[in-house]
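Fold and geometry: a report
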Amino acid sequence: MNTADSTDSGDIAIRSQGLCKHFGGVLRVDHVDLLVPVRQVYGFLGPNGAGKSTTIRMLCGLLTPSEGEIEVLGLKIPEQAEALRSRIGYMTQRFSLFEDLSVRENLEFLAAVQGVPKARTKARIDELIEDYRFGDRQKQLAGTMSGGQKQRLALAAAVIHEPQLLFLDEPTSAVDPESRRDFWEKLFELADAGTTLLVSTHMMDEAERCHRLAILDNGRLVADGTPAELTDALQGRTLVIDTATPRRVQHALAGMPGVDGVAQVGNSLRVLLAEGARDMQARIEAAIVQANLQARVAEARPNLEDVFVAATRAGEADRKRAA
Amino acid sequence: MNWRRLWAIMLKELRQMRRDRVTLAMIVGVPVMQLILFGYAINFNLRGLDAGIADQAHTSGSRALVMDMLATGVVKPVLVADTPQQLMDAMRRGRISVGIVVPPDFERRRSEGRQVAQVLVDGSDTVVQAAAAQLAQVPVQRALPDARAPMRSTPRAGPIDVVSFYNPQRITAVNIVPGLIGLILTMTMVMCTSIAIVRERERGNMELLIATPLTRSELMIGKVLPYAVIGLVQTTMVLLLGVWLFHVPVRGSVLDVYVAAALLILANLALGLMISTKAQSQFQSMQMTIFILLPSILLSGFVFPFAGMPLVAQWLAEVLPLTHFLRLIRGVMLRGAGLAEMWIEVLVLIAFIVGMMAVAIMRFRKRLD
């Protein structure tokens, strides 16, 4: 029988506890506890500036945490960061391959640096060029490629040594929808092959694809779980209002107690209700009638955007209480 | 040290260099341009000055004196005049910059030991003035001493034959070319590596590199070595052009020249790398490079003689790799000395390389904070 400890580190790729990072006195990452299981696509959802990149950089040992503990693939970080390097792949937010090297030259460089066995290098590069569809672009300079192609190349380079764990920092932020779908296909292929992936994003549709999800806001982890768990937790807290005058209805509901957020989606409004608020559907209907407007209010199935709004609202409320 | 990773870095640098046409052109263009500027321009100013001659004596003695002056090569006759007045007119019009006047009573003056001739100099150009001073030092054959005929501004030296052991023809290029190797290597090499790290940081490549198993020494040494090859190519170019165009002698062994050059190249590359770990942007590293470059040019002994500088300046100069290289290269090329005889300079350069590399490697962190 395995001891509890070793079973843990076998199933858990990343564990962090009380992870903090100060920059010039400002707390950019605020006591983040993470538990990322192996062989999963783990999403990091949050707006720009939420601390996603900073957290990822600390997890792969590029930034030193101000406080807290990190264990990645059973290694203590940052102390054992060097030992970790050959076991992880890291795709930076900004394209970081050499723009003045060709596709093949970039891959050759990384194969050598990442210690892909010499005898295997050529076959591995050929395989990646085939897989990632660079067959006719091997000699093209990386700098002259489109955003989607660059991302594909960066991914190919990040996995050249078949790492156990892959960090991807907003990999698709500058890519068209088709390339994005294509890119995610690749990510799931990697997860199926046994790789653990940590992907940061600020896009809801991408977050929905992840096996598990952590939502970061202002450096704090405000929610985590599977997308289904997260949306189920909001059951009964979302309404949809169909109306011909969405902006006026939105105005009428502004500041109403028990309403956490009203967002326009086309000709309808999506309403997020505060936790524990009662009889909201009737009260909202009454408020709309009172404002001399016409609308149909119905319950809606919560989605990740609602989760995100609810989680960040809760964070704001906490901060206000603290202040 | 993993050789494969080191080679990967070097290969990457070489490939990037190959695609950077402008830099490549600079690496070839700078030495050629410098050599021609420094070598030809200075050389031609000092030699072949347009001269007018007014020999009013017409004796065999006076003709011999004029021939002696022409034989120095400092002047070339373009005008033969009858009177000093004509020479002064020509000079005012800028046709000549030097005039030689031998008065009608040349023979009597010579026997009496008075001034036998006059050199008129276009004093508006100090280089011409200095050159003409050489003329004033041409000895007068079979004459009594004090045969000079200077204008007020020329130095009041006797008719002394200037003896120059290593450069009898006073060709500036002979002095300039060995120093020029050092100057060119300092300019281009420090520049090459001073932007090396900072450029990758600016382009975002550094985050990728430090997330890989590459070690600090692999990265640093891998960046230095390709440029060392470039430096040796530059050395070869300057040497060949120097020998071909200016007949600069290589009196010592060619191997010693290359060893000395390699030492300076590595010293400068290491210095550049150190700058690169300090600079936040490419612009900053350029500024720091120039900050190093100026004292190198002025204090190393390339422009002003080392011995003539104040003590503080000499101390500063001792820190600069170029100072030590100049002593080595002049010794090897002009005096035929061996490196073993100048081991202290060699040692200083080696110490500089090791020290700078160590500081650069230590300063470089595989961290973003």
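Each chain carries its own residue numbering, running from 1 in the written order of its sequence. Lettering for chains starts from A, numbering for ligands starts from 1, and both go in the order in which the items are written. Totals for whole chains, interfaces and linings use all residues, but because this is a predicted model, local features are given only for residues with pLDDT of at least 70 and pairs of side-chain atoms are given and counted only at 80 or more.

**Concerning the overall build of chain A**
When helices and strands are counted, chain A shows 12 helices and 14 strands. Projected onto the principal axes, the alpha-carbon positions of chain A cover approximately 75 × 50 × 45 Å. Exposed residues have 12 or fewer other C-beta atoms within 10 Å of their own C-beta, buried residues have 20 or more, and partly exposed residues fall in between, where C-beta atoms are placed from the backbone. Taken across its 323 residues, chain A has 41% of its residues classed as buried. Nonlocal contacts in chain A, meaning residues at least 24 apart in sequence, comprise 70% of its contacts between residues at least 6 apart. Numbering of helices and strands starts at the N terminus; helices are DSSP runs of H or I of at least 4 residues and strands are runs of E of at least 2. What counts as a contact is two residues whose backbone-derived C-beta atoms lie within 7 Å of each other.

**Let's talk about the nonpolar core**
Of all hydrophobic cores here, the largest spans 161 residues; its most connected members are Phe167 and Leu198 of chain A together with Ala270 of chain B. Ranked by residue count, the leading element in this core is helix H11 (residues 254-278) of chain B, at 14 residues. Phe167 of chain A has contacts with Ile56, Leu59, Cys60, Ile88, Tyr90, Met91 and Leu198 of chain A, leaving out every residue within four places of it along the chain. Under the definition applied here, buried Ala, Val, Leu, Ile, Met, Phe, Trp, Tyr and Cys residues are grouped into a nonpolar core through C-beta atoms within 7 Å.

**Focus: the sheet that holds strand E1 (residues 49-55) of chain B**
Residues and elements named next belong to chain B. The four strands lie next to each other as E2-E1-E3-E4, forming an open sheet whose pairing is mixed. Each edge of the open sheet carries a strand with a single partner, namely strand E2 (75-80) and strand E4 (118-121). Across the sheet, the mean angle separating the axes of adjacent strands is 30° when strand polarity is ignored. The convention used is that axes are lines fitted to C-alpha atoms, helices contributing only their stretch in contact, and that angles between N-to-C directions extend from 0 to 180 degrees. Contacts between helix H3 (residues 60-71) and the sheet are confined to E1, E2 and strand E3 (98-102), with E3 contributing the most and set at about 160° to the helix. Sheet contacts for helix H4 (residues 84-92): E1, E2, E3 and E4; angle to E1, the most-contacted strand, approximately 165°. Each pair of strands is called paired provided DSSP finds at least two bridges between the two strands.

**A short note on the confidence of the model for chain A**
Parts of the prediction with low pLDDT should not have their coordinates interpreted in detail. Residue and element names in this part refer to chain A. On average, residues of chain A score 90 in pLDDT, and 97% of them are at 70 or above. Mean pLDDT across the elements of chain A ranges from a minimum in helix H1 (residues 4-11), with 52, to a maximum in helix H4 (residues 103-113), with 97. Residue-level confidence of the predictor, termed pLDDT, takes values from 0 up to 100. Considering only residues more than four positions removed or in separate chains, one finds that residues 1-8, a stretch of pLDDT under 50, has one contact.

**A short note on the environment of Phe106 of chain B**
All names here are of chain B. Looking at the secondary structure, you find Phe106 in helix H5 (residues 106-112). Residue Phe106 is classed as buried on the basis of its C-beta count, with 20 C-beta atoms lying within 10 Å. For the pair Phe106 and Phe352, spaced 246 residues apart in the sequence, the C-alpha separation amounts to 61 Å. Not counting the four nearest positions on each side in its chain, Phe106 is found in contact with Ala57, Thr59, Gly61, Ser62 and Val116.

**Some points on the sheet that holds strand E3 (residues 41-45) of chain A**
Paired through backbone hydrogen bonds, the strands of a sheet run either parallel or antiparallel to each other. Residues and elements named next belong to chain A. On the basis of which strands lie adjacent, the open sheet formed by six strands has the order E6-E7-E8-E3-E9-E10 and mixed pairing. Each having just a single partner strand, strand E6 (88-91) and strand E10 (220-225) make up the two edges of the open sheet. Each strand of the sheet is rotated relative to its neighbour by a mean of 15°, with strand direction disregarded. Where helix H7 (residues 177-192) meets the sheet, its contacts fall on E3, strand E7 (165-169) and strand E8 (196-201), and the angle it forms with E8 comes to roughly 150°. Strand contacts of helix H12 (residues 304-322): E3, strand E9 (212-217) and E10, with the helix running at about 145° to E10, the strand carrying the most contacts.

**Overview of the interface of chain A and chain B**
Counting residues at the interface gives 22 residues for chain A, matched by 19 residues for chain B. Per element, the largest residue contribution to the side of chain A that touches chain B is four residues, and it comes from H4 of chain A.

**Quick notes on H3 of chain B**
An α-helix turns once every 3.6 residues. As a result, residues three or four positions apart point the same way. All names here are of chain B. Multiplying 1.5 Å by the helix residue count minus one yields the expected span of that helix. In a regular helix each residue adds 1.5 Å, so 12 residues correspond to 16 Å; H3 covers 16 Å between its end C-alpha atoms and thus fits that length. Among the residues of H3, those classed as buried are Ser62, Leu65, Val66 and Met69. Buried residues along H3 cover an arc of 95° about the axis, so they all sit on one side. For H3, exposure combined with an orientation more than 90 degrees from the buried face picks out Ser60, Met67 and Ala71. Immediately beyond the C-terminal end of H3, within one or two residues, lies Gly73, with a positive phi of roughly 85°. Taken from the helix axis, the directions to the C-beta atoms give the arc we talk about.

**A few points about helix H2 (residues 52-59) of chain A**
All names here are of chain A. Of all eight residues that make up H2, eight are buried, and the element is covered over most of its length. Looking at H2, one finds that the buried residues are Lys52, Ser53, Thr54, Thr55, Ile56, Arg57, Met58 and Leu59. Two residues or fewer after H2 comes Gly61, characterised by a positive phi angle close to 85°.

**Here we look at the pairing of strand E1 (residues 12-23) of chain A**
All names here are of chain A. Looking at chain direction, E1 and strand E2 (residues 26-37) are connected through eight bridges and run antiparallel. The residue of E2 that forms the bridge with Ile12 is Pro37. In this structure, the hairpin formed by E1 and E2 is closed by a connection of two residues, where Gly24 is found at a positive phi of approximately 55°. In this sheet, strand E4 (residues 67-72) lies alongside E1 in antiparallel orientation, the contact comprising five bridges. Within E4, the residue paired with Cys20 across the bridge is Glu67.

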